[in-house]
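Spelled out from the first residue to the last, the chains are:
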Amino acid sequence: MSQIKNIGVFTSGGDAPGMNAAIRAVVRTAIYYELNVTGIRRGYEGMINGEMVPMDRKSVSNIIQRGGTILKTARSDQFKTPEGRKLAYGQLKKHNIDALVGIGGDGTFTGAKIFGQEYDIPIVGLPGTIDNDLQGTDFTIGYDTAINTVIDAVDKIRDTAESHDRLFIVEVMGRDSGLIALRTGIAAGAEAILIPETKTNINALFDRLERGRKDKSSKIVMVAEAEEAGGAFEIAQQVKDKYPNYDTRVSILGHIQRGGRPSCMDRVLASRVGVAAVEALLGGHRNEMVGVVHNEITYTPFDSAIKHNTDINPNLLKIVEILSL
Ligand code: F6P
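Small disclaimer: the values here were computed from a predicted structure and weren't measured.

Undergrad: Where do I start with the environment of Thr 129 in this structure?
TA: Along the chain, Thr 129 falls in the loop between β5 (123-127) and α5 (143-164). For Thr 129 and Ile 141, which are 12 residues apart along the polypeptide, the C-alpha to C-alpha distance reads 6.0 Å. Sequence-distant contacts of Thr 129, defined by excluding residues within four places in its chain, comprise Ala 16, Gly 105, Leu 134, Thr 140, Ile 141, Gly 142 and Tyr 143. Within the structure, Thr 129 has its side chain in polar contact with the backbone nitrogen of Asp 131 (distance 3.0 Å).

Undergrad: What exactly am I supposed to notice about the packing of helix α7 (residues 202-211) against helix α8 (residues 232-242) here?
TA: Relative orientation and spacing of two packed helices are given, respectively, by the angle between their axes and the distance between those axes. Taken N-terminus to C-terminus, the directions of α7 and α8 make an angle of 55 degrees; their axes are 11 Å apart at the nearest point. The orientation of α7 relative to α8 falls into the category oblique. Like other packed secondary-structure pairs, α7 and α8 cross with a definite hand, here right-handed. Residues Ile 202, Leu 205, Phe 206, Leu 209 and Glu 210 of α7 form the contact with α8, whose participating residues are Ile 235, Gln 238, Val 239 and Lys 242. In terms of residue class, the contact of α7 with α8 is made up of six nonpolar, one polar and two charged.

Undergrad: Sorry if this is basic, but what is going on with the site of the ligand here?
TA: The environment of the ligand is formed by Arg 75, Ile 130, Asp 131, Met 173, Gly 174, Arg 175, Glu 225, His 255 and Arg 258. A distance of 3.1 Å separates an oxygen atom of the ligand from a polar atom in the backbone of Gly 174. One nitrogen or oxygen atom from the side chain of Glu 225 is found 2.5 Å from an oxygen atom belonging to the ligand. The site holding the ligand turns out to be the largest pocket. The residue makeup of the shell around the ligand, split by class, is two nonpolar, two polar and five charged. Lining the shell around the ligand are residues from two domains, each supplying at least three of them: domain 1 (6-142 + 262-305) and domain 2 (146-258).

Undergrad: Would you mind showing me how to read a nonpolar patch on the surface here?
TA: A contiguous nonpolar patch, built from Ile 319, Ile 322 and Leu 323 and spanning about 290 Å² of accessible area, is present on the exposed surface. Here Leu 323 is to be found in helix α11 (residues 314-323).

Undergrad: Explanation requested: a negative patch on the surface in the structure shown.
TA: Together, Asp 155, Asp 159, Glu 162 and Asp 165 make up a region of like negative charge exposed at the surface. Within the fold, Asp 159 resides in helix α5. Judged by relative accessible area, which is 53%, Asp 159 ranks as exposed.

Undergrad: Looking at this structure, I do not really get helix α1 (residues 19-32). What am I missing?
TA: Since there are 3.6 residues in each turn of an α-helix, residues three or four apart along the chain are aligned in direction. The terminal C-alpha atoms of α1 lie 20 Å apart, and with 14 residues this matches the ideal 20 Å at 1.5 Å per residue to within 8%. Of all 14 residues making up α1, 10 are buried, and the element is well covered by its neighbours. Considered for burial, the residues of α1 that qualify are Met 19, Asn 20, Ala 21, Ala 22, Ile 23, Ala 25, Val 26, Val 27, Thr 29 and Ala 30. Those residues of α1 hidden inside the fold are in contact with β1 (6-11), β2 (36-40), β4 (99-104), β5 and α9 (264-282). Remark: Glu 34 follows α1 within two positions and exhibits a positive phi of approximately 60 degrees.

Undergrad: When you look at the packing of α5 against helix α6 (residues 179-187) in this model, what are you seeing that I'm missing?
TA: Interhelical geometry of α5 versus α6 gives an angle of 50 degrees and a closest axis separation of 9 Å. On the basis of their axis angle, the class for α5 and α6 is oblique. Pair α5 / α6 crosses with right-handed handedness. Only Leu 179, Ile 180, Arg 183, Thr 184 and Ala 187 of α6 make contact with α5, whose side of the interface consists of Tyr 143, Ile 147, Val 150 and Ile 151. Along the lines of polarity and charge, the residues of the contact of α5 with α6 split into seven nonpolar, one polar and one charged.

Undergrad: Please explain the pairing of β2 as it appears in this structure.
TA: In regular strands, side chains alternate between the two faces of the sheet. Across the five residues that make up β2, a large majority, four, are buried. Alignment of β1 against β2, held across five bridges, turns out to be parallel. Within β2, the position partnered with Gly 8 by the bridge is Thr 38. Handedness of the β-α-β unit built from β1, α1 and β2 comes out right-handed. One ladder, built from three bridges, connects β2 with strand β3 (residues 52-54); its direction is antiparallel. The residue bridging Ile 40 from the neighbouring strand is Met 52, located in β3.

Undergrad: Honestly, the side chain of Glu 288 in this entry has me stumped. Any pointers?
TA: Mapped onto the secondary structure, Glu 288 falls in strand β10 (residues 288-293). Although Glu 288 is buried, it makes no salt bridge; Arg 286 carries the closest opposite charge, 9.3 Å away. Setting aside anything within four residues of it in sequence, one finds Glu 288 in contact with Ile 123, Val 124, Gly 125, Tyr 299, Thr 300, Pro 301 and Phe 302.

Criteria and cut-off values
- All residue numbers refer to positions counted from 1 along the written sequence of the respective chain.
- This being a predicted model, a pLDDT of at least 70 is required before a residue's local features are given, and a value of 80 or more before pairs of side-chain atoms are given or counted; all residues contribute to the totals for chains, interfaces and linings.
- The side-chain values count all of the structure's non-hydrogen atoms but skip hydrogen atoms and water molecules.
- Helix and strand labels come from DSSP, where a helix needs a run of H or I of at least four residues and a strand needs a run of E of at least two; each type is numbered from the N terminus.
- Pairs of residues are marked as contacts when any of their non-hydrogen atoms sit within 4.5 Å.
- Two N or O atoms form a polar contact when they lie within 3.5 Å of each other; inside protein one atom must be a possible hydrogen donor and the other a possible acceptor, and for residues adjacent in sequence the pair counts only when both atoms belong to side chains.
- Here an axis means a line fitted to C-alpha atoms, over the contact stretch when the element is a helix, while the angle between two N-to-C directions is reported on a 0 to 180 degree scale.
- The cut-offs work like this: below 35 degrees is roughly parallel, past 145 is roughly antiparallel, 65 to 115 is roughly perpendicular, and the gaps in between are oblique.
- Here a crossing is called left-handed whenever its near helix is offset anticlockwise from the far helix by less than a right angle, and right-handed whenever the offset is clockwise.
- Side-chain classes follow a simple rule in which Ala, Val, Leu, Ile, Met, Phe, Trp, Tyr, Cys and Pro form the nonpolar group, Asp, Glu, Lys and Arg form the charged group, and the remainder, Gly included, forms the polar group.
- Residues are labelled near a given molecule or strand when at least one of their non-hydrogen atoms is within 4 Å of it.
- A pocket here means an open set of points on a 1 Å grid, computed over the protein atoms alone, that has protein on both sides within 12 Å along at least five of seven lines. A cavity is instead a set of points where a 1.4 Å probe fits but cannot get out; residues with an atom within 4 Å of a point line either one.
- In this scheme, a molecule is assigned to a cavity or pocket if more than half of its atoms are within 2 Å of the grid points.
- Note that the domain bounds were set by an automatic or database domain assignment.
- Candidate patch residues must exceed 30% relative accessible area and have no salt bridge, after which like charges are joined if within 9 Å and Val, Leu, Ile, Met, Phe, Trp or Tyr side chains if within 5 Å.
- Areas reported as accessible are Shrake-Rupley estimates using a 1.4 Å probe. Residue values count occlusion only from the protein chains shown.
- When a carboxyl oxygen of Asp or Glu is within 4 Å of a side-chain nitrogen of Lys or Arg, the pair counts as a salt bridge.
- Charge counting treats Lys and Arg as positive and Asp and Glu as negative, with His and both chain ends excluded.
- To locate a charge, take atom NZ for lysine, CZ for arginine, CG for aspartate or CD for glutamate.
- When accessible area is computed with a 1.4 Å probe and restricted to protein chains, residues below 20% of their type maximum are described as buried, those above 50% as exposed, and intermediate ones as partly exposed.
- Helix span, expected: 1.5 Å multiplied by one less than the number of residues in the helix.
- Between any two strands, pairing holds if DSSP finds at least two bridges.
- With its strands directed away from the observer, a crossover is right-handed exactly when the path from the first strand over the helix to the second travels clockwise.

The structure is reproduced here in structure tokens:
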């Protein structure tokens, strides 16, 4: 019989569409199992400051379709210090919170891992980041919505690129990861994709542009923000220097990728892992991320979930090369 009576739920790091659906699932599942549930505002920062709100079934009504996070989020430097974590633990005790569900990415789980080692509190994580850069889940909450936002924008860019016979360098998010750029590049019919995982250099891009059809009116090059050859402006400058007759423009999509109504895929993923997280805590899991791999719920230790060795499927890269003729 589990000793857990009050679960604290929080979102942390960059927000992602579907986080609200995950909060809703955690709150409603806790209530279903006759537990109390407390919302912790502003991630670890709010935990340290005692920003706690009791949640009931109504507090999560009408949020499944909303982007952002009703609990708000933050990146906390204070929580990286032992003093900060001590304050956070004190607040959890004060509010009788005896288990946690943290929704976030890499930074969230790094903090959770250390906190779970230092203090006796069961913590389970849900993968919430548009970057999709966690091990132990096929997709993260927010990724599907973000990539659909990107292709919507790039389709529009393609219209104007085609009208003006232009080459566009489009930069998308992904702090350490090219997974947004890779999928959206394929879906938008990009001529080339530059991602940090493949160690592309600028000469590879020139080769690709030269191999491409000369009579092509528009060209789109997708660049991940973490690309080592530089950001979109640096790459555009090098392209302009090499090919002065290309009419080159830059578009940095930025934070629109983090907002908007979550897609059906993200809502369902968030709902599944949200339910599973509460059940996992009741079943004795701790210091693990709940994910979905091959359509099955999985549990991955935080340590493994945050390993930055996201493999890039070489077939996807080959597809870009074949289809961009
Ligand atoms: O981790 C999600 C993410 O959107 C990254 O893709 C990006 O590098 C980062 O967050 C931006 O963070 P911020 O909104 O704090 O500038």
